Amino acid sequence: MARILFWFCLLVSASSQAQKTKPIPVIFDSDMGPDYDDVGAITLLHAFADSGYINILGTVASTKYEGVAAVFNVLNTYFNRPGLLIGVPKGKALELKDSQHWTDTLLLKYPHRIKKNAEVLSATEVYRKSLASQPDRAVTIITVGFLTNLADLLQSAPDKYSKLSGKELVRKKVKQLVCMAGSFPAGNEWNVRMDARSSEIVFDNWETPILFSGVEIGFTIKTGLPLISNNDIKNSPVKDVYRISIPISLQDSAGRMSWDQTAVLIAVKGYKPWWNIQTGKIKVAEDGSNTWENGSFLHSFLIPSQSPAILRDLINKIMMHQPVKKL
């Protein structure tokens, strides 16, 4: 308990400092299913926005099963941001959905203005509109799903939002890209593998720093049990997702692995004191497997420097964040 309070107090103390600095503009890109750590991740995102650390520019889906825009709208509405921009791929993209059917539960139980994917902009439009409105080298992009949208962004043409090509717009407006992707120093990870061609395009052509939280990081950080056992939290879509999903899989008996939450955490708070980094360059093969070359490149991946239990306790605490009432 003392350890939990220490890290929570550290965040609360830092939160007062966040009020004195300009919030980081962030775009959040997630497959929002088939896994459910995406829900934990978007909870951290809104918690950090409520604390003044970040300004959420938009939330985009990297899968396009019917209803994914509505699921984003449920969660954004729950956290009192119903008007947040939502984007969905309108071209070729995966249509993978959760097997636990938590998305169906959210859509049946919780309010949402958006009902169909057709009601929202394309993911590329959300990116271009959001980036064009921001100062140079200001935006942090967090991607915890497939790299489909970012490949489309890089290959996009000038439009009503900007006269720049996608690659030029990224170079001009993005400060860093934080990815839950890859296995380090080598391996074969789901987000990269499922759209290997897009992954290759992004990692070969992205011209700002990329920080990877590899699959090996989230494996050891299991969260969600304190959330579902907290009787003070009621009518919460976040709690419902974990309550539904954790009992279904034996491997989740100690909590769900927290791949996506780590990406949000480092994008907002930085990687220290929890991790060190190795700089270099990722290379993606046609089958989606990746290797790594050390060196003075723009890529880096996390190396643990503290016990996973510290991260588990911290993420569990933030995942119990409740919506802040708007005046």
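This write-up is about the structure you can find in this document. Please read all numbers here as calculations on a predicted model, not as lab measurements.

1. Side note on the overall build of the protein
Turning to step 1, where the next piece is worked out: Helix and strand counts for the protein come out as 14 helices and 13 strands.
Turning to step 2, where the next piece is worked out: Overall, the protein is about 50 × 45 × 45 Å in size when its C-alpha atoms are taken along their principal axes.
Turning to step 3, where the next piece is worked out: Taking all 327 residues of the protein together, 56% fall into the buried category.
Turning to step 4, where the next piece is worked out: A separation of at least 24 residues holds for 82% of the contacts in the protein among residues at least 6 apart in sequence.
Turning to step 5, where the next piece is worked out: For the protein, the accessible surface area stands at approximately 13400 Å², while carbon and sulfur atoms represent 56% of it.

2. Points about the side chain of Asp98
Turning to step 1, where the next piece is worked out: Checked against the element boundaries, Asp98 lands in the loop between β3 (85-88) and α4 (102-109).
Turning to step 2, where the next piece is worked out: Nearest to the buried, unbridged Asp98 among oppositely charged side chains is Lys97, at 5.3 Å.
Turning to step 3, where the next piece is worked out: Polar side-chain contacts of Asp98 include one of 2.7 Å to the backbone nitrogen of His101.
Turning to step 4, where the next piece is worked out: Excluding residues within four positions of it along the chain, Asp98 makes contact with Gly33, Pro34 and Thr103.

3. Some points on empty space enclosed by the protein
Turning to step 1, where the next piece is worked out: One pass over the structure, following the stated rule, counts 1 cavity of 30 Å³ or more.
Turning to step 2, where the next piece is worked out: In this structure, the largest cavity occupies an estimated 50 Å³ of space.
Turning to step 3, where the next piece is worked out: Taken together, the residues of the lining of the largest cavity break down into 7 nonpolar, 2 polar and no charged.

4. Thoughts on the pairing of strand β2 (residues 54-61)
Turning to step 1, where the next piece is worked out: The element β2 is largely enclosed, with a buried count of 7 among its 8 residues.
Turning to step 2, where the next piece is worked out: Inspection of the sheet shows strand β1 (residues 24-30) paired to β2 by 7 bridges, in the parallel sense. In the strand pairing of β2, Phe28 is matched with Thr59.
Turning to step 3, where the next piece is worked out: Between the parallel elements β1 and β2, the chain passes through helix α2 (residues 37-50) in a crossover that is right-handed.
Turning to step 4, where the next piece is worked out: In terms of strand pairing, β2 meets β3 through 3 bridges, oriented parallel. Pairing of Gly58 across the sheet is with Leu85, part of β3.
Turning to step 5, where the next piece is worked out: In the classification by handedness, the crossover that spans β2, the intervening helix α3 (residues 68-78) and the parallel β3 is right-handed.

5. Quick notes on the nonpolar core
Turning to step 1, where the next piece is worked out: Ranked by internal contacts, the top residues of the largest apolar core, which has 66 residues, are Phe28 and Met32.
Turning to step 2, where the next piece is worked out: Met32 has contacts with Asp38, Val39, Ile42, Tyr65, Val68, Val71, Phe72, Leu75, Trp102 and Thr103, leaving out every residue within four places of it along the chain.

6. A few points about the pairing of β1
Turning to step 1, where the next piece is worked out: The buried fraction of β1 is high, at 6 of 7 residues.
Turning to step 2, where the next piece is worked out: When β1 meets strand β5 (residues 139-143), the two strands line up parallel, connected through 4 bridges. Within β5, the position partnered with Asp29 by the bridge is Thr143.

7. Overview of the packing of aromatic side chains
Turning to step 1, where the next piece is worked out: Tallied over the entire structure, the rule returns 11 aromatic pairs.
Turning to step 2, where the next piece is worked out: Considering the side-chain rings of Tyr36 and Tyr242, the 5.0 Å spacing of their centres and the 80 degrees angle between planes classify their relative orientation as edge-to-face. Taken as a pair, Tyr36 in the loop between β1 and α2 and Tyr242 in helix α12 (residues 237-245) lie far apart in primary sequence, 206 residues in all.
Turning to step 3, where the next piece is worked out: Its relative accessible area of 0% is what places Tyr36 among the buried residues.
Turning to step 4, where the next piece is worked out: With a centroid separation of 6.4 Å and 50 degrees between ring planes, the pair formed by Phe146 and Trp190 is classed as tilted.

8. Quick look at the sheet that holds β3
Turning to step 1, where the next piece is worked out: Pairing is mixed across the open sheet formed by 11 strands, whose spatial order is β4-β3-β2-β1-β5-β6-β8-β13-β11-β12-β7. Two strands lie at the open edges of the sheet, namely β4 (121-122) and β7 (187-188), each paired on one side alone.
Turning to step 2, where the next piece is worked out: Contacts from α3 reach β1, β2 and β3 within the one sheet, and its direction differs from that of β3 by about 155 degrees.
Turning to step 3, where the next piece is worked out: On the sheet, helix α9 (residues 196-205) packs against β6 (174-179), β8 (210-212), β11 (275-284) and β13 (299-304) and is oriented at approximately 115 degrees with respect to β11.

9. A word on the environment of Gly295
Turning to step 1, where the next piece is worked out: One can find Gly295 in the loop between β12 (289-294) and β13.
Turning to step 2, where the next piece is worked out: Considering only alpha carbons, one finds Gly295 and Gln251, 44 residues apart in sequence, at a separation of 37 Å.
Turning to step 3, where the next piece is worked out: Leaving out residues up to four positions away in the same chain, Gly295 has contacts with Thr279 and Gly280.

Rules behind the numbers
- Residues numbered from 1 in each chain as written.
- Predicted model: local features only at pLDDT ≥ 70, side-chain atom pairs only at ≥ 80, totals over all residues.
- Heavy atoms only, no water.
- Helix = DSSP H or I, 4+ residues; strand = E, 2+ residues; numbered from the N terminus.
- Buried < 20%, exposed > 50% of the residue type's maximum accessible area, 1.4 Å probe, protein only.
- Contact = heavy atoms within 4.5 Å.
- Areas by Shrake-Rupley, 256 points an atom, 1.4 Å probe, with all protein chains shown as cover.
- Lys, Arg positive; Asp, Glu negative; His and termini not counted.
- Salt bridge = Lys/Arg side-chain N within 4 Å of Asp/Glu carboxyl O.
- Polar contact = N/O pair within 3.5 Å; in protein donor to acceptor, adjacent residues only side chain to side chain.
- 1 Å grid on protein atoms, 1.4 Å probe; cavity = no way out; pocket = protein on both sides within 12 Å on 5 of 7 lines; lining within 4 Å.
- Points joined across faces, edges and corners; volume = space filled by probe spheres on them.
- Nonpolar A, V, L, I, M, F, W, Y, C, P; charged D, E, K, R; others polar.
- Pairing = 2+ DSSP bridges.
- Right-handed = clockwise from strand over helix to strand, strands pointing away.
- Core = buried A, V, L, I, M, F, W, Y, C linked by side-chain atoms within 4.5 Å.
- Phe/Tyr/Trp six-rings, centres within 6.5 Å; stacked < 30°, edge-to-face > 60°.
- Axes fitted to C-alpha atoms, helices over the stretch in contact; angles between N-to-C directions.

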